[in-house]
Amino acid sequence: MKRKVTKAIFPVAGLGTRFLPATKSIPKEILTLVDRPLIQYAIDEARSAGIREFIFVTSRGKGALEDYFDDAPELENALRKAGKTELLETLKTTNMDSGAIAYVRQNRPMGLGHAVWCARRLVANEAFAVILTDDVIAAEKPCLQQMMEAYSETGGNMVATMEVPPEKTASYGILDVGEDMGTIVRAKGMVEKPAKDDAPSNLAVIGRYILTPKIMQNLHRLKAGTGGEIQLTDAIAEEIRQGESVYGFRFRGQRFDCGSKAGFLQATVAFALAREDLRDEFAQYLAHMTAVQKAAE
Ligand code: G1P
């Protein structure tokens, strides 16, 4: 059976307090790795996975995000006149077709589950993807595309997953593994941010999901879970209790936690070193800085 997923939700309503003061006036999704904002990485990944409808769950102060995806005719003209064709092409990849993006507002910060629920009418009766822009994944084949391929075989619900150090379980949704088939695991439970000693495993959920629309009903019924927020994890756990299939997918690629400063800096270094135009100079600089640090110790 062919299963096609063409809608994706991007929960981008978060305040981004970890990046204050920068996020006082710009959405954290506009913060750049080298020269592309985080949101662009997420959109590109979604596109390559076959997503055609992009649903942004936003909040107050996220106007810059909406502008980012508009055509910029004046800028394009200036680049054209100056003969900067390469830049022009780069710029065009950020334009989105009219009607491809929809915005819904999350009026109050009530958690990831609530943000996803805000998009229920746009999702309607179709399976959909969720991408968390904080999780940037460098991979030969984009993570969501890997998942779509697996999902076309399994159906059900699917979350990206990877092993984390046991002392880090309190930062993630954690899978209770029913059956481990290697790349794919069948989950028999899911817990949001358990302490090390309560965690059913160290398999963490990373911010890529493919979900059935029934999740929206579970979210609707959910009372406040962990931390007084409505958790997506709890709605997925409820699916499992209702007898639905939930799979964890061990993706191939390197994930960066761009919701943290350290992770963001690591991603910056990795992406800069992956760029032909920057690699040599930047690698030299890093080597120099490391030597200076060592000498100072
Ligand atoms: C969210 C989810 C969590 C997941 C994580 C992945 O948490 O609630 O289940 O493991 O994203 O990055 P957050 O990082 O937003 O606190």
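Our structure's up above, just so we're on the same page.
Our subject in this report is the structure included herewith.

This paragraph deals with the packing of aromatic side chains. Counted under the stated rule, the structure contains 8 aromatic pairs. With a centroid separation of 5.0 Å and 85° between ring planes, the pair formed by Tyr68 and Phe69 is classed as edge-to-face. Within the aromatic cluster, the residues linked to one another by ring pairs are Phe10, Phe54, Phe56, Tyr68, Phe69 and Tyr103. The ring of Tyr41 is capped by Arg36, whose NZ or CZ atom sits 4.2 Å from the centre of that ring. Between Arg120 and the ring centre of Trp117, over which it is positioned, the NZ or CZ distance is 3.7 Å.

This brings us to the pairing of strand β11 (residues 203–211). Burial of β11 is extensive: 9 of the 9 residues sit out of reach of the surface. In this sheet, β11 lies alongside strand β6 (residues 128–131) in antiparallel orientation, the contact comprising 4 bridges. The residue of β11 that forms the bridge with Phe128 is Leu211.

The immediate surroundings of the ligand are formed by 13 residues, with Asp135, Gly173, Glu192, Lys193 and Val205 found nearest. Asp135 has a polar side-chain atom sitting 2.7 Å from an oxygen atom of the ligand. At 2.9 Å from an oxygen atom of the ligand is found a main-chain nitrogen or oxygen belonging to Gly173. Out of a free accessible area of 380 Å², the ligand has 77% covered by protein chains. A total of 3 residues in the shell around the ligand trace back to one element, the largest contributor, which is β11. For the shell around the ligand, the residue count by class is 5 nonpolar, 4 polar and 4 charged.

Looking now at the nonpolar core. Ranked by internal contacts, the top residues of the largest apolar core, which has 41 residues, are Phe10, Ile51, Phe54, Phe56 and Leu144. Mapped onto this core, the elements with two or more residues apiece are β1 (7–11), α1 (38–48), β4 (53–58), β6, α7 (143–154), β8 (157–163), β11 and β12 (246–250). Apart from residues lying up to four places away in sequence, Phe56 is in contact with Phe10, Val12, Ile39, Ile43, Phe69, Ile101, Ala102, Tyr103 and Val104. Trp117, Phe128, Val205 and Tyr209 belong to the second largest nonpolar core, which has 32 residues in total.

Cis geometry is adopted by the peptide bond preceding Pro21, which originates at Leu20 and carries an omega value of 5°. Summarising the element assignment, Pro21 is placed in the loop between β1 and β2 (32–33). In this structure, Val34 is a non-glycine residue whose phi angle is positive, near 65°. Backbone geometry at Lys193 places phi at a positive 50°, although glycine is not the residue there.

Our next topic: α7. Its 12 residues give α7 an end-to-end C-alpha distance of 16 Å, which sits within 8% of 16 Å, the value for a rise of 1.5 Å per residue. Those residues of α7 that sit buried are Cys143, Leu144, Gln146, Met147, Met148, Ala150, Tyr151 and Ser152. Directly after α7, the chain includes Gly155, whose backbone phi takes a positive value near 65°.

Turning next to the pattern of salt bridges. All told, the structure shown has 17 salt bridges when counted by the stated rule. The shortest N-O distance in the salt bridge between Glu163 and Arg250 comes to 3.1 Å. With a gap of 87 residues between them, Glu163 in strand β8 and Arg250 in strand β12 connect regions that are remote in the sequence. On the basis of relative accessibility, which here comes to 43%, the residue Glu163 falls in the partly exposed class. Several salt bridges share partner residues, and in doing so they unite Asp35, Arg275 and Asp277 into one network.

The next subject is the pairing of strand β9 (residues 173–180). Bridging between β9 and strand β10 (residues 184–192) involves 7 bridges; their strand directions are antiparallel. Along β10, the bridge assignment pairs Ile174 with Val191.

Quick look at the packing of helix α8 (residues 214–221) against helix α9 (residues 232–241) now. Contact geometry of α8 with α9 gives a least axis separation of 9 Å together with a crossing angle of 115°. When you trace α8 past α9, the crossing you get is right-handed. Contacts between α8 and α9 involve Lys214, Ile215, Asn218 and Leu219 on the former and, on the latter, Leu232, Ala235, Ile236, Glu238 and Glu239. Partitioning the contact of α8 with α9 into residue classes produces 5 nonpolar, 1 polar and 3 charged.

Rules of the game
- Residues numbered from 1 in each chain as written.
- Predicted model: local features only at pLDDT ≥ 70, side-chain atom pairs only at ≥ 80, totals over all residues.
- Heavy atoms only, no water.
- Phe/Tyr/Trp six-rings, centres within 6.5 Å; stacked < 30°, edge-to-face > 60°.
- Lys NZ or Arg CZ within 6 Å of the ring centre and 35° of its normal.
- Buried < 20%, exposed > 50% of the residue type's maximum accessible area, 1.4 Å probe, protein only.
- Helix = DSSP H or I, 4+ residues; strand = E, 2+ residues; numbered from the N terminus.
- Pairing = 2+ DSSP bridges.
- Near = heavy atom within 4 Å.
- Polar contact = N/O pair within 3.5 Å; in protein donor to acceptor, adjacent residues only side chain to side chain.
- Areas by Shrake-Rupley, 256 points an atom, 1.4 Å probe, with all protein chains shown as cover.
- Nonpolar A, V, L, I, M, F, W, Y, C, P; charged D, E, K, R; others polar.
- Core = buried A, V, L, I, M, F, W, Y, C linked by side-chain atoms within 4.5 Å.
- Contact = heavy atoms within 4.5 Å.
- Expected span 1.5 Å × (residues − 1).
- Salt bridge = Lys/Arg side-chain N within 4 Å of Asp/Glu carboxyl O.
- Axes fitted to C-alpha atoms, helices over the stretch in contact; angles between N-to-C directions.
- Left-handed = near helix turned anticlockwise from the far one by under 90°.

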